[in-house]
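Secondary and tertiary structure notes
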Amino acid sequence: MTEVKTKINDINSTNDVVLYMKGTKFSPECGFSSRVVGVLNYLKIDYADINVLDSDLIRQGIKDFSDWPTIPQLYVKGEFVGGCDIITEMALSGELDQLFDDNEITYDKNAANKIREANA
């Protein structure tokens, strides 16, 4: 498991934003992954997508790494943020904007406002 943890640490440390998901950002393979991809793509976030379906070791390893039982999982600057429900709530509340601002992650602020306006 140490090898998997090292690999996950390497991925998280070399990418500002990482989404561990089922499928890819171009072809999500579950509704929860699709929802988070939709938010990140709409906000024009530059992120690495890691398809956990390609590796059982990564699929279980990321769950152990974060102590979080579900996928997708979003990391910003190496820190675990949450899964689908948390990311959705953060997008609607403005907390996701604040997280990106605090970590100097470029995103489309107008798109972030449109998400909230559409869901008000």
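For the structure, see preceding data.
The sections below set out a description of the structure shown in this document.

Each value, and the rule that gives it
- Residues numbered from 1 in each chain as written.
- Predicted model: local features only at pLDDT ≥ 70, side-chain atom pairs only at ≥ 80, totals over all residues.
- Heavy atoms only, no water.
- Helix = DSSP H or I, 4+ residues; strand = E, 2+ residues; numbered from the N terminus.
- Rg over C-alpha atoms; globule rule 2.2 N^0.38 Å.
- Buried < 20%, exposed > 50% of the residue type's maximum accessible area, 1.4 Å probe, protein only.
- Contact = heavy atoms within 4.5 Å.
- Areas by Shrake-Rupley, 256 points an atom, 1.4 Å probe, with all protein chains shown as cover.
- Lys, Arg positive; Asp, Glu negative; His and termini not counted.
- Charge placed at Lys NZ, Arg CZ, Asp CG, Glu CD.
- Arc of directions from axis to C-beta.
- Polar contact = N/O pair within 3.5 Å; in protein donor to acceptor, adjacent residues only side chain to side chain.
- Core = buried A, V, L, I, M, F, W, Y, C linked by side-chain atoms within 4.5 Å.

The next point concerns the overall build of the protein chain. When helices and strands are tallied, the protein chain shows 6 helices and 6 strands. The secondary structure elements of the protein chain, listed N-terminal to C-terminal, are α-β-β-β-α-β-α-β-β-α-α-α. In terms of C-alpha radius of gyration, the protein chain reaches 14 Å, essentially the compact-globule figure of 14 Å for 120 residues. Summarising its shape, the C-alpha atoms of the protein chain cover approximately 45 × 30 × 25 Å along the three principal directions. Out of the 120 residues belonging to the protein chain, those deemed buried represent 44%. Sequence-distant contacts, at least 24 apart, represent 60% of the contacts inside the protein chain between residues at least 6 apart. Of the roughly 6,700 Å² of accessible surface on the protein chain, 46% is carried by carbon and sulfur atoms. In the protein chain, which carries 12 positive and 20 negative side-chain charges, the distance between the mean positions of the two groups comes to 4 Å.

Taken as a whole, helix H6 (residues 109-118) has its buried residues at Ala-111, Ala-112, Ile-115 and Arg-116. In an axial view of H6, the angular spread of the buried residues amounts to 140°, which keeps them on one side of the axis. In H6, the exposed positions angled more than 90 degrees off the buried face are occupied by Asn-110, Glu-117 and Ala-118. Next to the buried residues of H6 lie helix H2 (31-42), helix H4 (84-93) and helix H5 (95-102). Looking at where H6 begins, the residue whose side-chain oxygen comes 3.0 Å from the main-chain nitrogen of Asn-110 is Asp-108.

A few words now on the nonpolar core. Within the largest apolar cluster, 25 residues are counted, with the highest numbers of intra-cluster contacts made by Leu-43, Ile-45, Leu-96 and Phe-100. Among the secondary structure elements, those contributing two or more residues to this core are strand E1 (17-21), H2, strand E5 (73-76), H4, H5 and H6. In this structure, Phe-100 is in contact with Leu-40, Leu-43, Ile-45, Val-76, Ile-105 and Tyr-107, ignoring residues within four places of it in sequence. In this structure, Tyr-20, Ile-50, Ile-62 and Ile-71 belong to the second largest nonpolar core, which totals 12 residues.

The next subject is unusual backbone geometry. Note that the residue after Ile-71, namely Pro-72, is joined by a cis bond; omega there is 20°. One can find Pro-72 in the loop between helix H3 (56-66) and E5. The backbone of Lys-44 shows a phi angle near 60°, a positive value even though the residue is not glycine. Within the secondary structure, Lys-44 is located in the loop between H2 and strand E4 (48-51). On the basis of relative accessibility, which here comes to 59%, the residue Lys-44 falls in the exposed class. Within the chain, Asp-67 stands out as a residue other than glycine whose phi angle is a positive 60°. Relative accessible area serves as the criterion here: at 68%, Asp-67 is assigned to the exposed category.

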